[in-house]
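Here are the chains, one letter per residue:
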Amino acid sequence: MERIPVAGPWITQKEIDYVTDAVTNGWYGNANVYHERFERAFAGYLGVRHAMALPSCTSGIHLALLALGVGPGDEVIVPDATWIASAAPITYVGATPVFADIDERTWCLSAESFEACVTPKTKAVIPVALYGNMPDMDAIEDVARQHGIVIVEDAAEAIGSEYKGKKAGSFGDAGVFSFHGSKTLTTGEGGMLVTDATKLFERAQFLRDHGRKPGDKMFFNHEVAYKYKMTSMQAALGLAQLERIEELLEQKRRIFSLYQKELNGVEGVTLNYGTPDAKNVYWMVTVVLDPKFNLSKERLMEIMSERNIDCRPFFHPLSSIPAYRDTEQARLARARNQVSYRLTPYGLNLPSALSMTKEKVGIVCTTLKDILRESASGSQVS
Ligand SMILES: *Cc1c(COP(=O)(O)O)cnc(C)c1O
């Protein structure tokens with residue numbers, strides 16, 4: 001049997017044509033044509049004023065925090081269960097990440113836990129649309145407003161998701177997206193920073209190009225800053241993908257509904273939650289198992305792999321991994337974040353590549369159900 005990958009893109013002739021045009025013609029006076037088209041189309045899609053194409057989402061969070069003036073002595077609240085890219089830029093700017101708990105159902109930042117983590121030092125919060133689902137943005141915005149906290153929305157996994165009809169990434173002071181090869185819209189590696197705030201955007205433009213003004217031809221740097229740019233080949237790829245976004249999103253939602261049909265009613269298996277107020281684009285179809293199966297995500301991943309199916313573990317709490325576990329904030333988080341510590345050991349991302357077919361979903365689900373049955377009956381799972 002052919003190995004089933006966990007994630008991957010959907011590339012058509014359109015993408016190949018655009019990239020070919022960029023590599024052929026995107027030089028001299030045309031060097032920025034695809035960036036401008038991609039950024040304009042992206043801002044239009046989201047309904048925001050400004051969009052900046054970047055080499056990664058990580059660099060987008062870094063620039064947003066810098067442009068918002070976050071630095072040493074500040075605390076930034078981030079959900080405990082997310083990819084480290086949500087938190088690492090907090091450390092880059094010398095601020096302190098504070099790990100809040102996630103919501104039981106959405107698996108995104110809990111507004112209650114966010115509020116409980118606020119101190120006089122809290123400067124920013126980074127809600128994450130985990131696996132494509134939306135956090136309770138009304139409640140998060142309320143808490144942020146009451147305490148004068150800025151919001152940087154990590155929508156890396158959630159292009160096309162909506163909360164009460166408003167698109168992921170368009171909330172808060174700034175939003176960021178990832179176009180990594182595993183994401184719904186890909187440029188291989190890449191990201192986008194979006195905002196309505198013109199001052200913030202201009203500051204980010206300055207910081208992303210070695211501290212010089214956009215269009216500077218004198219190579220005159222006012223500050224030591226960063227170099228965060230995307231190539232025109234990547235921008236061309238992104239533009240082609242964005243022009244196909246509805247098709248990409250439809251495929252993601254179709255894959256989820258195929259899984260849902262197969263796994264509906266399977267005792268002890270919880271799938272991604274379809275929040276009533278939100279449109280979830282299901283970047284990664286994810287199951288959280290009842291601990292009664294006595295199957296950790298590590299063990300389950302290993303068994304699935306032996307059966308030719310690649311999965312990924314639910315993100316480990318950031319407060320549990322070596323990169324952060326010895327910090328004071330990680331110690332506090334381990335005592336506080338019961339939901340993160342209860343769910344993440346038993347969560348697994350199932351194959352969600354855009355190349356998934358009904359047959360492959362069937363194979364994954366049959367395999368998973370077999371393993372769970374063997375496990376529940378106490379027989380040796382091998
Ligand atoms: C993928 C991802 C990122 C980082 O994206 P890069 O483009 O790899 O920097 C950030 N946050 C979340 C939640 C992600 O899934």
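Residues numbered from 1 in each chain as written. Predicted model: local features only at pLDDT ≥ 70, side-chain atom pairs only at ≥ 80, totals over all residues. Heavy atoms only, no water.

## Some details on the site of the ligand
Then comes step 1: Taken together, 14 residues form the shell around the ligand, and within it Thr58, Asp154, Glu157, Ser178 and Lys183 come nearest.
Then comes step 2: For the ligand, an oxygen atom lies 3.0 Å from a polar atom in the backbone of Cys57.
Then comes step 3: Within the side chain of Thr58, one N or O atom sits 2.5 Å away from an oxygen atom of the ligand.
Then comes step 4: For the ligand, the protein covers 92% of the area, taking 390 Å² as the surface of the free molecule.
Then comes step 5: Of the residues contributing to the shell around the ligand, the split by class is 5 nonpolar, 6 polar and 3 charged. (Near = heavy atom within 4 Å. Polar contact = N/O pair within 3.5 Å; in protein donor to acceptor, adjacent residues only side chain to side chain. Areas by Shrake-Rupley, 256 points an atom, 1.4 Å probe, with all protein chains shown as cover. Nonpolar A, V, L, I, M, F, W, Y, C, P; charged D, E, K, R; others polar.)

## Some details on helix α11 (residues 328-336)
Then comes step 1: Listed in full, the buried residues belonging to α11 are Gln329, Ala330 and Ala333. The buried residues of α11 occupy an angular sector of 95° when the element is viewed end-on, so they sit on one face.
Then comes step 2: Buried residues along α11 sit in contact with β2 (75-79), β3 (96-100) and α12 (338-343). (Buried < 20%, exposed > 50% of the residue type's maximum accessible area, 1.4 Å probe, protein only. Helix = DSSP H or I, 4+ residues; strand = E, 2+ residues; numbered from the N terminus. Arc of directions from axis to C-beta. Contact = heavy atoms within 4.5 Å.)

## Thoughts on helix α10 (residues 297-306)
Then comes step 1: Taken together, the buried positions of α10 are Lys297, Leu300, Ile303 and Met304. Down the axis of α10, the smallest arc covering the buried residues is 130°, so these residues share one side.
Then comes step 2: Lining the buried residues of α10 we find β12 (286-289), β13 (312-313), β14 (347-349) and α13 (358-376).
Then comes step 3: Backbone geometry just downstream of α10 places Asn308 in the positive-phi region, at approximately 70°.

## Remarks on the domain arrangement of the protein chain
Quoted interface sizes are often the accessible area lost when the parts come together.
Then comes step 1: Looking at the assigned domains, one finds that the protein chain contains domain 1 (13-242) and domain 2 (245-376).
Then comes step 2: With 44 residues of domain 1 in contact, the opposing surface of domain 2 contributes 46 residues.
Then comes step 3: Both faces combined, the contact of domain 1 with domain 2 buries some 3600 Å², and carbon together with sulfur accounts for 60% of it.
Then comes step 4: At the junction of domain 1 and domain 2, the tally comes to 2 salt bridges.
Then comes step 5: When the shortest N-O distance is used, the salt bridge between Glu104 and Arg342 registers 3.0 Å.
Then comes step 6: Remark: the boundary between domain 1 and domain 2 carries 23 residue pairs in polar contact (both at pLDDT 80 or more).
Then comes step 7: Among the elements of the structure, β2, α4 (88-92), β3, α5 (111-117), β6 (162-163) and α8 (232-243) are those that each provide at least two residues to the side of domain 1 that touches domain 2.
Then comes step 8: With 5 residues, β3 is the largest single contributor of residues to the side of domain 1 that touches domain 2.
Then comes step 9: Across the side of domain 1 that touches domain 2, the residue classes break down as 22 nonpolar, 12 polar and 10 charged. (Domains from an automatic or database assignment. Buried area = accessible area lost by both parts, 1.4 Å probe. Salt bridge = Lys/Arg side-chain N within 4 Å of Asp/Glu carboxyl O.)

## Describing the packing of α10 against α13
In a pair of packed helices, the angle between the axes and the distance between the axes together describe the arrangement.
Then comes step 1: Relative orientation of the contacting elements α10 and α13 amounts to 125°, with a least axis distance of 11 Å. Compared by their axis directions, α10 and α13 come out oblique. In this structure, α10 meets α13 at a crossing whose hand is right-handed. Of the residues in α13, those touching α10 at Leu300, Ile303 and Met304 are Val364, Thr367, Leu368 and Ile371.
Then comes step 2: Among the residues making up the contact of α10 with α13, the classes are represented as 6 nonpolar, 1 polar and no charged. (Axes fitted to C-alpha atoms, helices over the stretch in contact; angles between N-to-C directions. Parallel < 35°, antiparallel > 145°, perpendicular 65-115°, else oblique. Left-handed = near helix turned anticlockwise from the far one by under 90°.)

## Considerations on the sheet that holds strand β10 (residues 269-271)
Then comes step 1: Read across the open sheet, the 4 strands follow the order β10-β12-β14-β13; overall the sheet is antiparallel. Of all the strands in the sheet, the pair left with one neighbour each is β10 and β13.
Then comes step 2: Where β10 meets β12, 3 bridges bridge the pair, whose relative direction is antiparallel. If you follow Thr270 over to β12, its bridge partner there is Val288.
Then comes step 3: Sheet strands touched by α10: β12, β13 and β14. Its angle to β14, the strand with the most contacts, is close to 35°. (Pairing = 2+ DSSP bridges.)

## What about the environment of Gly190?
Then comes step 1: On the secondary structure map, Gly190 appears in the loop between β8 (174-178) and β9 (191-195).
Then comes step 2: Residues Gly190 and Pro55, 135 residues apart in the sequence, show an inter-C-alpha distance of 4.3 Å.
Then comes step 3: Beyond its immediate chain neighbours, meaning those up to four positions away, Gly190 contacts Leu54, Pro55, Ser56, Cys57, Phe177, Ser178, Phe179, His180 and Met230.

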